[in-house]
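Results of the structural survey
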Amino acid sequence: MWAEVNFGKWRDKGKTLPQVLVADPDWLFWALDEGAFRGALATQAEMLARRARSIKLPSALAGTHCVQHWITHDGKYARFDLIESDQGPHHGSSTEVRRSTLNMEFPRGIKQYDKLGCKQLMKSFKHHWFEGKPFSKAKVEAFFDNVANFENP
């Protein structure tokens, strides 16, 4: 059972940690870095962050594909795609970074407080893991409850 976040901009909204993560990953990682979580909520936030940094690819793509992050020519996070691991490098003004797992903190590593970058990451995440369907509380919590979804649960 996930705890509700009861402070900051999430006070009185009744959102659980996984719901906050998919709504605003930048805020969740910022709050964690600042030590804003306390007690059981801190323990859950740390576990959620660990999982969010090591999401395995969907099983149909595991072993043959990787995450391809796109960074614009001016250094901003754009989106990610899931591509075949042996696909040749990208040629163009954008930069690509490839990883074997999805790290939801990736945009924050490029530029802290990147709301648009995090929004684009969540749009790609929803497309690849949730078939583009809205993030429901039940689906998001079930995803982050399932240890099989993570390299480092």
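Structure report, in brief.

Cut-off values and rules
- Residues numbered from 1 in each chain as written.
- Predicted model: local features only at pLDDT ≥ 70, side-chain atom pairs only at ≥ 80, totals over all residues.
- Heavy atoms only, no water.
- Core = buried A, V, L, I, M, F, W, Y, C linked by side-chain atoms within 4.5 Å.
- Buried < 20%, exposed > 50% of the residue type's maximum accessible area, 1.4 Å probe, protein only.
- Helix = DSSP H or I, 4+ residues; strand = E, 2+ residues; numbered from the N terminus.
- Contact = heavy atoms within 4.5 Å.
- Polar contact = N/O pair within 3.5 Å; in protein donor to acceptor, adjacent residues only side chain to side chain.
- Pairing = 2+ DSSP bridges.
- Axes fitted to C-alpha atoms, helices over the stretch in contact; angles between N-to-C directions.
- Nonpolar A, V, L, I, M, F, W, Y, C, P; charged D, E, K, R; others polar.
- Phe/Tyr/Trp six-rings, centres within 6.5 Å; stacked < 30°, edge-to-face > 60°.

Some points on the nonpolar core
Of all hydrophobic cores here, the largest spans 40 residues; its most connected members are Phe 37, Met 104, Phe 125, Trp 129 and Phe 144. Elements supplying a minimum of two residues to this core: α1 (17–23), α2 (25–33), α3 (39–52), β1 (65–71), β2 (77–84), α5 (115–129) and α6 (137–145). By residue number, the principal contributor to this core is α3, which donates six residues. Filtering out sequence-adjacent residues up to four positions away, Phe 144 remains in contact with Trp 2, Pro 18, Leu 21, Val 22, Leu 48, Arg 51, Ala 52, Ile 55, Met 104 and Phe 150.

Here's the deal with the side chain of Gln 68
Within the fold, Gln 68 resides in strand β1. A distance of 2.3 Å separates the side chain of Gln 68 from the side chain of Glu 96, its partner in a polar contact. With residues near it in sequence (within four places) discarded, Gln 68 still touches Arg 79, Phe 80, Asp 81, Ile 83, Gln 87, His 90, Glu 96, Val 97 and Arg 98.

Describing the sheet that holds strand β3 (residues 95–99)
Taken in spatial order, the three strands line up as β2-β1-β3 in an open sheet, and their pairing is antiparallel. Taken across any chain shown, the strands that pair with only one partner, and hence form the sheet edges, are β2 and β3. Averaged over neighbouring strand pairs, the angle between their axes works out to 25 degrees when direction is ignored. Looking at chain direction, β1 and β3 are connected through five bridges and run antiparallel. Considered in β3, the bridge of Trp 70 is made with Glu 96.

Comments concerning the packing of α2 against α5
The geometry of a pair of packed helices is captured by two quantities: the angle between their axes and the separation between those axes. Where α2 contacts α5, the two axes come as close as 8 Å, and the packing angle between them is 115 degrees. Facing α2, whose interface residues are Pro 25, Asp 26 and Trp 27, α5 presents Lys 115, Cys 118 and Met 122. When the residues that make up the contact of α2 with α5 are grouped by side-chain class, the tally is four nonpolar, no polar and two charged.

Points about unusual backbone geometry
The phi angle at Tyr 113 is positive, at roughly 60 degrees, despite the residue not being glycine. Mapped onto the fold, Tyr 113 is located in the loop between α4 (106–110) and α5. Among the residues examined, Tyr 113 registers a relative accessible area of 58% and is labelled exposed. Located in the positive-phi region is Glu 131, a residue other than glycine, with phi close to 55 degrees. Along the chain, Glu 131 falls in the loop between α5 and α6. Given the relative accessible area of 63%, Glu 131 is considered exposed.

Quick look at the packing of aromatic side chains
This structure, assessed with the given rule, holds 16 aromatic pairs. Considering the side-chain rings of Phe 130 and Phe 143, the 5.7 Å spacing of their centres and the 50 degrees angle between planes classify their relative orientation as tilted. Here Phe 143 lies in helix α6 and Phe 130 lies in the loop between α5 and α6, a separation of 13 residues in the sequence. Residue class for Phe 130 comes out buried when judged on its relative accessible area of 10%.

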